[in-house]
Amino acid sequence: MQSTGPRQRSTRTPGRPGRSSPAPDANEVLEPRLRRRSIRRPGANAASYACGVSEADTRAARDDEVPAFRGAAHALVDGVADHLAALPSRPVWQPLPDALRSELLDLPLPEHPIALDDVVETALRDVLPYAMGNGHPAFFGWVNPPPSPAGVIASLAAAAMNPSVVAGDHADVHLERAVVRWLAELVGFPHPPGAGLLTSGASAATIVCLAGARGRALTKAGHDVRRDGLAGAPRLVAYVPAEAHSCVQRALELLGLGSGAMRAVPLEDGRLDADALRAAIAADRASGALPALLVGSAGTVNSGAIDPLDALADVAAAEGVWFHVDGAYGAFGVLDPAIAARYRGMDRADSLVLDPHKWLGVPVDAGCALVRRADDLRDAFSLIPPYLRQDTDAAVGTFAEYGPEQTRPFRALKTWATIAARGRAGIAAQVARANALARELAARVEREPELELAAAPVTSIVAFRARPAACPPGTLDELNRALPEAVQARGRAFVTGTVFGGRETLRACILHPDTSSEHLATLVAEVVATARTLALAA
Ligand SMILES: Cc1ncc(COP(=O)(O)O)c(C=O)c1O
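Let us look at the structure shown here. This structure is a prediction, so every number in the text was calculated from the model and none was measured.

With respect to the pattern of salt bridges
Okay, so step 1: Counted under the stated rule, the structure contains 28 salt bridges.
Okay, so step 2: Between Asp310 and Arg348 there is a salt bridge whose closest N-O contact spans 2.9 Å. Residue Asp310 is found in helix H12 (residues 309-319), and its partner Arg348 is found in the loop between strand S7 (322-327) and strand S8 (351-354); the two are separated by 38 residues along the sequence.
Okay, so step 3: A residue is classified by how much of its surface remains accessible, and Asp310, at 27% relative accessible area, is partly exposed.
Okay, so step 4: What makes Arg348 partly exposed here is its relative accessible area of 34%.
Okay, so step 5: The shortest N-O distance in the salt bridge between Arg465 and Glu452 comes to 3.9 Å. One end of the pair, Arg465, is in strand S11 (residues 461-466); the other, Glu452, is in strand S10 (residues 451-453), and 13 residues separate them in sequence.
Okay, so step 6: Judged by relative accessible area, Arg465 falls into the buried class, the value being 7%.
Okay, so step 7: Through salt bridges with shared partners, one network takes in Glu176, Asp365, Glu405, Arg408, Arg411 and Lys414.

Concerning the sheet that holds strand S12 (residues 496-500)
Okay, so step 1: One open sheet accounts for 4 strands, arranged S10-S11-S13-S12; its pairing is antiparallel. Lying at the two open borders of the sheet, with one neighbouring strand each, are S10 and S12. Neighbouring strand axes in the sheet, compared pairwise and without regard to direction, differ in orientation by 45° on average.
Okay, so step 2: Across 4 bridges, the pairing between S11 and strand S13 (residues 503-509) is antiparallel. By the bridge assignment for S13, Ile461 is matched with Cys509.

Quick notes on the rules
Residues numbered from 1 in each chain as written. Predicted model: local features only at pLDDT ≥ 70, side-chain atom pairs only at ≥ 80, totals over all residues. Heavy atoms only, no water. Salt bridge = Lys/Arg side-chain N within 4 Å of Asp/Glu carboxyl O. Helix = DSSP H or I, 4+ residues; strand = E, 2+ residues; numbered from the N terminus. Buried < 20%, exposed > 50% of the residue type's maximum accessible area, 1.4 Å probe, protein only. Pairing = 2+ DSSP bridges. Axes fitted to C-alpha atoms, helices over the stretch in contact; angles between N-to-C directions.

Spelled out as structure tokens, the structure:
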């Protein structure tokens, strides 16, 4: 048996039911509970449950619950608004007071209920003020924006609905389909119906996409990986640039290809040596391996660089391998007319991941996997046991047929709200502004004798290093490694570090819509001052 065609999908059942003990009839399971519910206690007027709570009691509790929710939720919204308003005037980040850290870690499990008002008060007092720092416009760490206000509001409504977004005629399902289409439209990726879904983030989306790549390559080679695993399969090879995010390697490891299946992609200063890549692919084929995947980045995590996607797409097409683009951070950069041309070829990918919870500011979690051919994912994931049958054999399958999650959260409402509240034009303006600020930061770094630029920014990430006059050249790497945390501890700007070009490097990622020239000046001044202090203390 080779691939799982659409008709096989609905008949696949887990655990080969013929061999396992028969599942209990659903009615047998439910009936005793129904019988218990209908027990009448002598003398009781209202129908009551076996646990001794009357329907009248539960109705009263429910009647109390909604006003209590309303009051506490209003207090929460006011507290959250105060928190957001106060953020810019607070330290970007501060360590938790020791006593509070211990208190949080040692919180005893409450035996008795805590009133909602108290829950809100505790959260506002002990949790919100001690955040990661990404709400502040001088936060430049990792790839973490502040949440969009629309997304924060929508998160409350999504939780109030609390659906499992899989299938069925409910609004959340249809909204996810629309939002995935919007995301594809925003970045100019083709979108046949069903060819994408929201995930927890790009790491999960990458696993989804690469499972599609693995399945397609092995099916073509006559191997059924879903039935047989990788035993007896041809050895798959993936061509992955050195600057690709670690989530690609992790996905390859999880999918059983192993990190040993990764080959470097010959990229020099952003240019692809296509002949060398094709020669490497030919050599792998000659050795009996199966070249299956070529990866490119639409915005690397270290420096925001965009790989030559069109040239990579040419090689992938000529060699018949799956082309995957990681646009987790950078795909939305295509909305900036100043750099849109750099993204040529992204629309030719077999799969593209992007993260609405990065540049768009959708509250975590919101990632997205997009594929050119929906059935590549359906073939990899579809498995519908009888107890989950719903909309089977529909032209577009349930969301659970395109990824590993069964119960799925309502990520679409906050994503929809975030995009709707800005519109395409608003998002494009925000992206272009961030890129312009990155160029400004690079210019400031270049003007500062005790700093050096590690790469000219293309998108909104600036990689740079400190070289304080007082620091002996032999210890510069050590100093740059210690620098980010020392800057963070001062509380005025937040930057993180990496290794880039073999050297310890700082990287500032600009995603906050309120970041301004003033915050860039603060970052530069803080890095220079902290580097000097570290150099003198060394
Ligand atoms: C380029 C790139 N790819 C993938 C990821 C992983 O994304 P996530 O953290 O949403 O899983 C990141 C995270 O920063 C990234 O910058």
